[in-house]
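Secondary and tertiary structure notes
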Amino acid sequence: MSTSKEIRILLLEDSISDALLIEMALADVVEFEHRLVRSERLSDGLARTQSMRFDVVLLDLGLPDAQGLDTVRTFIRLSPDVPVLVLTGLDDASIGLLAIQEGAQDYLLKKDIHASELGRAIRYAIERHCIAAALRASEERFQLAVTGATAGLWDWNLQTGAMYLSSCFKEIMGYEDSELPNEARVLRDAIHPDDADRVFTSLKAHLEHKGAYDVEYRVRTKSPDFRWVQSRGQALWDDSDQPYRMVGWIIDITDRKRASEALRESREELQRLSANIQHVREEEKNRIARELHDDLGQQLVTLKVEAAKIEDHLMSAETTAPVATLRKVYSLIDQVIGSVRRIAAGLRPTMLDDLGLTPAVDWLIDEFSASHDVQVVRRIDVDNIDFNHEAGTAVFRIVQEALTNVARHSGATSVTLEIVCEETNCIVRVVDNGSGCPSDARPNANAFGLLGMRERAARLGGAIRIQTAPNQGFALTVTLPLAAVETREGE
Ligand SMILES: Nc1ncnc2c1ncn2[C@@H]1O[C@H](COP(=O)(O)OP(=O)(O)OP(=O)(O)O)[C@@H](O)[C@H]1O
Ligand SMILES: [Mg+2]
């Protein structure tokens, strides 16, 4: 404390001689300057504290309007900001000690009053009062902060196991303040079994100076649902490095957890959906690619054949028969246009749907035979199979592509086509007597026909097998399980 500051002292003393003794002792105090105001009655003294600021009161316990400990109680209640130093005329320290319990900072026996003792007692009384006031203010600030943050306080005495749990703490757990005892086991038993290991490991590490204590876990509430809390704490260690106390807080983070959980789930759902959409889009793209390929493939081969025929006619046209030649050319162009129109109108799938598989395949073969000089031997025996839409389309397209390949690649004079039922499978076999190709030949990067066949077969749980060698013809066998080929009940 600065010695230069003047200390304002209120002396509440009705005895003139005692007052004189104190004034004389004060005059000898060298540690600080002072200004003394004296009142003989408690009521007067209290009135003065309203109009003037005092640093300390020297309080006699026997005043005309107040006696004993009541004097202390009344003064502190009505003027709590002024530290009290009790003066007792009794040769007995016990009343002084009781006065301290009532809130006085210290006491002095009047008979022993000396300047040095009085000066030190005044100084300490003021200091202790300041410290207590600062502590109270800081506790209030802390409480305010804690309440504002809706945090629950815990203060754990590691030696006795007692744990103070603030009312807000108990509220988070769904209890009234009086419903839970202040014991560490209350919190320990409430931790979710799946989180307990994590919490205790973090706690142990903190007590061993190995990290901060900051964990999120679930606590069982009164209801008895679980709620998520975040808990932080700080231990205190004694001189021999033993933790003796730990203080911390919890806050309820259930809503935050639920929100982030919901966010995570919706993100996952979104990812699933977009992956699914992507998958569906890929599937659709592949389907369209297959349809276009299979449909246009044969038509383009046909167009090429027809174009060659037109060229032949033009080249061989005799000037003597121009009208006949032109008629032939026009008729061929009409056929080509008709073919293109049929493709554009999506005629084939419609026909397949309308007529069923066997007539549609028969039609395919007729078309093939009309344009190519290849003999077709057919064995189609599947009337007892009730093809579902996907399987019917697959068989139709596979036959279509196989015949297109025969026309494009084999130079065959004959081809055998079988669609039959063998054991539990539907078998499609297309065998030609053409040039074949090396069995390990890698199709070029743009080749799509056999790939499309494999995909269609695989989608139905089936497979394709190719047997070929140069000049040994080309044999394609497609095996489709009947279980996937036939229409199921309810479809
Ligand atoms: N009947 C066949 N005779 C001889 N070789 C064949 C026969 N069928 C297919 N091939 C060979 O297999 C290859 C791959 O056939 P695929 O149907 O996959 O492709 P592509 O017919 O060349 O082209 P795309 O069908 O995509 O128009 C062909 O290029 C050809 O070399
Ligand atoms: Mg092909």
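In this text the structure is predicted, and so the values were computed from the model without any measurement.

**Focus: the layout of surface pockets**
It is a probe the size of a water molecule, rolled over the atoms, that shows where empty space is left. The calculated volume of the second largest pocket comes to roughly 260 Å³. Phe54, Asp55, Asp81, Val82 and Pro83 are, among the 17 residues lining the second largest pocket, the residues nearest its centre. Grouping the amino acids of the lining of the second largest pocket by side-chain chemistry returns 10 nonpolar, 3 polar and 4 charged.

**Re the packing of aromatic side chains**
Counted by the stated rule, this structure contains 1 aromatic pair. The interplanar angle of 90 degrees and the centroid separation of 6.2 Å between the aromatic rings of Trp154 and Tyr213 together place this pair among those described as edge-to-face. Taken together, the residues span a long stretch of sequence, with Trp154 in strand S8 (residues 151–157) and Tyr213 in strand S10 (residues 213–220) at a distance of 59 residues. Among the residues examined, Trp154 registers a relative accessible area of 3% and is labelled buried. When its relative accessible area of 6% is taken as the criterion, Tyr213 is described as buried. Here the guanidinium or amino end of Lys257 rests over the ring plane of Trp228, the centre of that ring lying 4.4 Å away.

**Some thoughts on the coordination of the magnesium ion (ligand 2)**
Here the magnesium ion (ligand 2) is held by Glu401 (OE) and Asn405 (OD1), and the distances to it run 2.0 to 2.1 Å. Remark: Asn405 and Glu401 occur in helix H13 (residues 389–410); sequence separation between them is 4 residues, near one turn of the helix. Here Asn405 falls in the buried class, since its relative accessible area comes to 17%.

**Some remarks on the site of ligand 1**
Inspection of the region around ligand 1 gives 16 residues, with Asn405, Arg408, His409, Phe448 and Leu450 positioned closest. Within the side chain of Arg408, one N or O atom sits 2.7 Å away from an oxygen atom of ligand 1. With the chains in place, 83% of the 600 Å² that ligand 1 exposes on its own is no longer accessible. Listed by contribution, the elements that provide at least two residues to the shell around ligand 1 are H13 and helix H14 (449–459). In terms of residue count, H13 provides more of the shell around ligand 1 than any other element does, 5 residues in total. Here the residues of the shell around ligand 1 sort into 6 nonpolar, 7 polar and 3 charged.

**Focus on the sheet that holds strand S9 (residues 163–165)**
One open sheet holds the 5 strands; their spatial order is S9-S8-S12-S11-S10, and the pairing between them is antiparallel. Edge positions in the sheet fall to S9 and S10, since each of these pairs with one other strand and no more. Direction aside, the axes of adjacent strands within the sheet are offset by 25 degrees on average. As defined by bridge partners, S10 adjoins strand S11 (residues 226–237) across 8 bridges and the pair is classed as antiparallel. Looking at S11, one finds that Tyr213 is bridged to Gly233. Sheet strands touched by helix H8 (residues 193–207): S8, S10, S11 and strand S12 (243–252). Its angle to S10, the strand with the most contacts, is close to 150 degrees.

**Side note on H13**
Its 22 residues place the ends of H13 30 Å apart at the C-alpha level, agreeing with the 32 Å of an ideal helix rising 1.5 Å per residue. With 17 of 22 residues buried, H13 lies mostly within the body of the structure. Capping of H13 at its N-terminal end is provided by Asn388; its side-chain oxygen lies 3.3 Å from the backbone amide nitrogen of Glu390. A positive backbone phi angle near 65 degrees is found at Gly411, which sits one or two residues after H13.

**Here we look at unusual backbone geometry**
Peptide bonds are, in most cases, trans, and in most cases residues other than glycine have a negative phi. Pro224 follows Ser223 through a cis peptide bond whose omega is 10 degrees. The backbone phi angle of His209 is positive, close to 65 degrees, even though this residue is not glycine.

**What to know about the nonpolar core**
Ranked by size, the top nonpolar core spans 39 residues in total, and within it Phe387, Val399 and Ile419 carry the most contacts. Residue assignment for this core shows that the elements contributing at least two residues are helix H11 (347–355), helix H12 (357–371), H13, strand S14 (414–422), strand S15 (425–432), H14, strand S17 (474–481) and helix H15 (482–485).

Reading the values: rules and limits
- Residues numbered from 1 in each chain as written.
- Chains lettered and ligands numbered in written order.
- Predicted model: local features only at pLDDT ≥ 70, side-chain atom pairs only at ≥ 80, totals over all residues.
- Heavy atoms only, no water.
- 1 Å grid on protein atoms, 1.4 Å probe; cavity = no way out; pocket = protein on both sides within 12 Å on 5 of 7 lines; lining within 4 Å.
- Points joined across faces, edges and corners; volume = space filled by probe spheres on them.
- Nonpolar A, V, L, I, M, F, W, Y, C, P; charged D, E, K, R; others polar.
- Phe/Tyr/Trp six-rings, centres within 6.5 Å; stacked < 30°, edge-to-face > 60°.
- Helix = DSSP H or I, 4+ residues; strand = E, 2+ residues; numbered from the N terminus.
- Buried < 20%, exposed > 50% of the residue type's maximum accessible area, 1.4 Å probe, protein only.
- Lys NZ or Arg CZ within 6 Å of the ring centre and 35° of its normal.
- Donors = N, O, S within 2.8 Å, 3.2 Å for Na, K, Ca; no water.
- Near = heavy atom within 4 Å.
- Polar contact = N/O pair within 3.5 Å; in protein donor to acceptor, adjacent residues only side chain to side chain.
- Areas by Shrake-Rupley, 256 points an atom, 1.4 Å probe, with all protein chains shown as cover.
- Pairing = 2+ DSSP bridges.
- Axes fitted to C-alpha atoms, helices over the stretch in contact; angles between N-to-C directions.
- Contact = heavy atoms within 4.5 Å.
- Expected span 1.5 Å × (residues − 1).
- Core = buried A, V, L, I, M, F, W, Y, C linked by side-chain atoms within 4.5 Å.

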